[in-house]
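Each chain, letter by letter, is given below.
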Amino acid sequence: MKYSTKTGTLAELATGTLVTGLKTARQVTRALQQGALLDAATADFKDQVGQTLTVLLAKSSRVKRIVVAGGADDEQTEIQFRKMTAAAVATLRSLPTPNAIWALTTTKVTDRDLYWKAANALFALSTGIYEFNEHKSPDKVGNRTRLRILHMHADMRSKASVRRAVRLAQALKSGLDLARDLGNQPPNVCNPTYLLGEARKLGRLHKTSVSALDEKRMRELGMGAFLAVSQASNTPGKMIIVNYKGGKPKDAPFVLIGKGITFDTGGISLKPPAAMDEMKFDMCGAATVLGATRAAVEARLPINLVTILAAAENMPGGNATRPGDIVRTYSGQTVEILNTDAEGRLVLCDALAYAERYKPRVIIDVATLTGACVVALGSVASAIFSKNDVLANALLAAGDWTGDRAWRLPLWDDYQASLHSNFADMANVAGRDAGAIKAACFLSRFTKNRAWAHMDIAGSAYLSGSKKGATGRPVALLFRYLTEQA
Ligand code: BES
Ligand code: MN
Ligand code: ZN
């Protein structure tokens, strides 16, 4: 789907569907001499947030149908605006319309400007219209008309900010689609080699190059923690590096690191069968940092950005890591692997230590790291851990702005002692309580004194049940953060 900006008098524009509030709908239908049609249709309509009404106009009419979004003419809170927008998106999605004009950003929203309204409406469209049908037979998918182009309506005064919102939203959509597609691919398709292939496609974009460390190279470098995870898989692990040089040559880069476990069986510490299929989503950290990178590159943000995907498959087998094995990490510190299901921190610790070589301005790692994070926050918020208040607050603000929300959990040293091992420098697990925090504490030992944040997206990255699928979170948060920094 493409986004564009359209100016002009609504009643004079041609479109398959006009999405707007009741007041504007009245004006437009009167101008088109179909006011009576709308009046009849709206007789029973509750003009409230969350309600929508679809009115078909005369076949000969320039505007084929109108979707009236309830509550649009009243001042709204942010929550109401999101609800109104989501309802309109859901209605639009169900209609056989190849194009639409969105005229729903004139609604007053307390403390938010037009740019915010346009950007958030477009983000809601990108999220709401997405579908993943690659592995379904054509007769199961259906060939209904789908939305191909959406025009954001603007007047002369708002044109510049709507244009900017449209441009950035198109880049964001591209990143979101990539992240969700990668997440939804089955684990027999999306393995580390596949991730590398997808990353390489980014290398065709401007100022971007892609490289990878294979297992042989990682062995030479001494990445014993990463290799302990990937060693029993028939698909070898890869450390994938995407380097975007949109900034000045001397600007220190932002570094994004993603957990890319393309399937997490738990290894010898095997997971129980229930919902194990969902462990194909264990690469969503990698998928979302790659998605955010694609958005940043397509938006041509003037920053330097290095994105590292720690891609591996966590399998049991005759050559798998045993509980009790001790490995030497790239940082030189040794780890006693007491539970092979705590594999995310093992691939990430070598990626974090490797990131040092880029002398980064900021490091953010993103991972479906712990079940404990799901227990703490559910699917509503991603967790943020950081000792750097400026960084944590910037990420939280980006989450609030986009509605892709996050919540900060502590990273106090009080939790560190639990990682003690009698046989190595540390253990990779530390008891069930505060599991998400202890995982973050483990990672913190590999980040030196950098401005670093860890995001645990185990609950937010994908949905279960009838809506099972990757959400693309936190691509929007990361993209907003990078845009603000740029
Ligand atoms: N990928 C899982 C975390 C996870 C669990 C993500 C549920 C999404 C939903 C991770 O590798 C894992 O298995 N973590 C263990 C850590 C434990 C052994 C300390 C967990 O959370 O149980
Ligand atoms: Mn695991
Ligand atoms: Zn995992």
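Everything below is about the structure printed above this text.
Residues numbered from 1 in each chain as written. Chains lettered and ligands numbered in written order. Predicted model: local features only at pLDDT ≥ 70, side-chain atom pairs only at ≥ 80, totals over all residues. Heavy atoms only, no water.

1. Some remarks on the sheet that holds strand 17 (residues 452-456)
Working step 1: In space, the eight strands of this open sheet follow the order 7-8-10-9-13-17-14-15, with mixed pairing throughout. Because the sheet does not close on itself, it has two edges, and the strands there are strand 7 (208-213) and strand 15 (406-408). Strand after strand, the sheet turns through a mean of 20° between neighbouring axes, direction not considered.
Working step 2: Two elements, strand 14 (residues 382-386) and strand 17, share four bridges in a ladder whose sense is antiparallel. Residue pairing across strands places Phe-385 opposite His-454, the latter belonging to strand 17.
Working step 3: Sheet contacts for helix 7 (residues 192-202): strand 7, strand 8 (238-245), strand 9 (254-264) and strand 10 (304-314); angle to strand 8, the most-contacted strand, approximately 10°.
Working step 4: Running at roughly 145° to strand 17, helix 14 (residues 435-444) makes contact with strand 13 (362-367), strand 14 and strand 17 of the sheet. (Pairing = 2+ DSSP bridges. Helix = DSSP H or I, 4+ residues; strand = E, 2+ residues; numbered from the N terminus. Axes fitted to C-alpha atoms, helices over the stretch in contact; angles between N-to-C directions. Contact = heavy atoms within 4.5 Å.)

2. As for the coordination of the manganese ion (ligand 2)
Working step 1: At this site the manganese ion (ligand 2) is bound by Asp-264 (OD), Asp-341 (O), Asp-341 (OD) and Glu-343 (OE), with donor distances of 2.0 to 2.2 Å.
Working step 2: Separating the manganese ion (ligand 2) from the zinc ion (ligand 3) is a gap of 3.1 Å, which Asp-264 spans by donating to each of them.
Working step 3: Using a relative accessible area of 0% as the deciding quantity, one classes Glu-343 as buried. (Donors = N, O, S within 2.8 Å, 3.2 Å for Na, K, Ca; no water. Buried < 20%, exposed > 50% of the residue type's maximum accessible area, 1.4 Å probe, protein only.)

3. Structural notes on the nonpolar core
Working step 1: Within the largest apolar cluster, 95 residues are counted, with the highest numbers of intra-cluster contacts made by Trp-102, Leu-150 and Ile-364.
Working step 2: A domain split of this core shows at least three residues from each of domain 1 (2-154) and domain 2 (177-485).
Working step 3: Contact partners of Leu-150, with chain neighbours within four places excluded, come to Met-1, Lys-2, Tyr-3, Ser-4, Leu-92, Ala-100, Trp-102, Leu-122 and Leu-125.
Working step 4: Formed by 52 residues, the second largest nonpolar core is a distinct cluster that contains Val-306, Ala-310, Ala-312 and Ala-439. (Core = buried A, V, L, I, M, F, W, Y, C linked by side-chain atoms within 4.5 Å. Domains from an automatic or database assignment.)

Distances and angles like these do not, on their own, reveal function.
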